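Geometric and topological summary
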Amino acid sequence: MNLKIYYSLLFAVAFLLSLNLQAQDRIIHGLVTTFDSIMVSGASVKVKSSKQEVFTDSLGNFSVGVANNDVLVISAKGFYNQRVKLDEKSKLAAINLKLKPGTKAKEYAIGYGYVSDEEKLNALSSLDRNDMDFSQYSNIFEIIRGRFTGVQVVNGEIQIRGVNSINSSTAALIVLDGVTVDSSVLNSIPTTQVKSINVIKDGSAAIYGARGANGVVIIETRRGDE
């Protein structure tokens, strides 16, 4: 082989290899949970650019090589798939998978080993606008009263049966878009703006401290063009 051609081919191969290394030269570390506090183990994490697939460990952690502006696709049976778009500065990714409605989804989550704490998962209930049309209800209290077993609305306060209160009040803590609010605020939120409602009781509410002793109702509203 002509020496000039040989070196040209060698240079081309080295160049392509360097491009491939540059495309995958970052490591992203991530955590996959559900209901914000329950670790999801064995969840699939796929990298769009390289088609590489890794799985979360027993604590919901994962590490994977990615390219700039890459996309991760996280999936687990019984949960909605979630896509996460990365940018050049991304080093960590926190993914909170949404459990599908119904008892079958919980059976999958527990049976496939994604969630090890069955009691904790059964203490949680979730509903989002993919599950139903919230606009058919006149207010948020009606949604909560009609769709969550064991949850009552008494004198304008949300109460969760089966929660032993250590406070003088029996009202659940309400968190609206990450901010603790009084139950009266819910009257001003149109049901068409509700994105999801999560109800947390028992030990799972411990992450909210003493304030969550009566259970927690987490409400997310739609933003922009969601």
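Notes on the structure follow. (Residues numbered from 1 in each chain as written. Predicted model: local features only at pLDDT ≥ 70, side-chain atom pairs only at ≥ 80, totals over all residues. Heavy atoms only, no water.)

Considerations on the environment of Ser 183
- Mapping Ser 183 onto the fold places it in the loop between strand E13 (179-181) and strand E14 (194-200).
- The exposure class assigned to Ser 183 is buried, which follows from its relative accessible area of 13%.
- For Ser 183 and Glu 157, which are 26 residues apart along the polypeptide, the C-alpha to C-alpha distance reads 6.2 Å.
- For Ser 183, the residues in contact, after removing those within four places along its chain, are Phe 141, Gly 156, Glu 157 and Ile 174.
- A distance of 2.8 Å separates the side chain of Ser 183 from the backbone oxygen of Gly 156, its partner in a polar contact. (Helix = DSSP H or I, 4+ residues; strand = E, 2+ residues; numbered from the N terminus. Buried < 20%, exposed > 50% of the residue type's maximum accessible area, 1.4 Å probe, protein only. Contact = heavy atoms within 4.5 Å. Polar contact = N/O pair within 3.5 Å; in protein donor to acceptor, adjacent residues only side chain to side chain.)

Some thoughts on the sheet that holds strand E7 (residues 82-85)
- Spatially, four strands are ordered E4-E3-E6-E7 in an open sheet, and the strand pairing comes out antiparallel. Bordering the open sheet on either side are strand E4 (53-55) and E7, each of which pairs with just one other strand. Going from strand to strand, the sheet's axes swing by 25° on average, the running direction of each strand aside.
- The pairing of strand E6 (residues 71-75) with E7 spans four bridges and is antiparallel. Bridge pairing in E7 links Val 73 to Arg 83. (Pairing = 2+ DSSP bridges. Axes fitted to C-alpha atoms, helices over the stretch in contact; angles between N-to-C directions.)

Observations concerning the sheet that holds E13
- If you walk across this open sheet you meet the five strands as E9-E14-E15-E12-E13, and the pairing is mixed. The sheet is open, and its two edges are formed by strand E9 (124-128) and E13, each paired on a single side. Within this sheet the neighbouring strands show an average axis-to-axis angle of 20°, counted without direction.
- Direction of pairing for strand E12 (residues 173-176) relative to strand E15 (residues 216-221): parallel, over a ladder of four bridges. If you follow Leu 173 over to E15, its bridge partner there is Val 216.
- Relative to the sheet, helix H4 (residues 140-147) contacts E9, E14 and E15, its axis offset from that of E14 by approximately 50°.

Keep in mind these values describe shape, not function.
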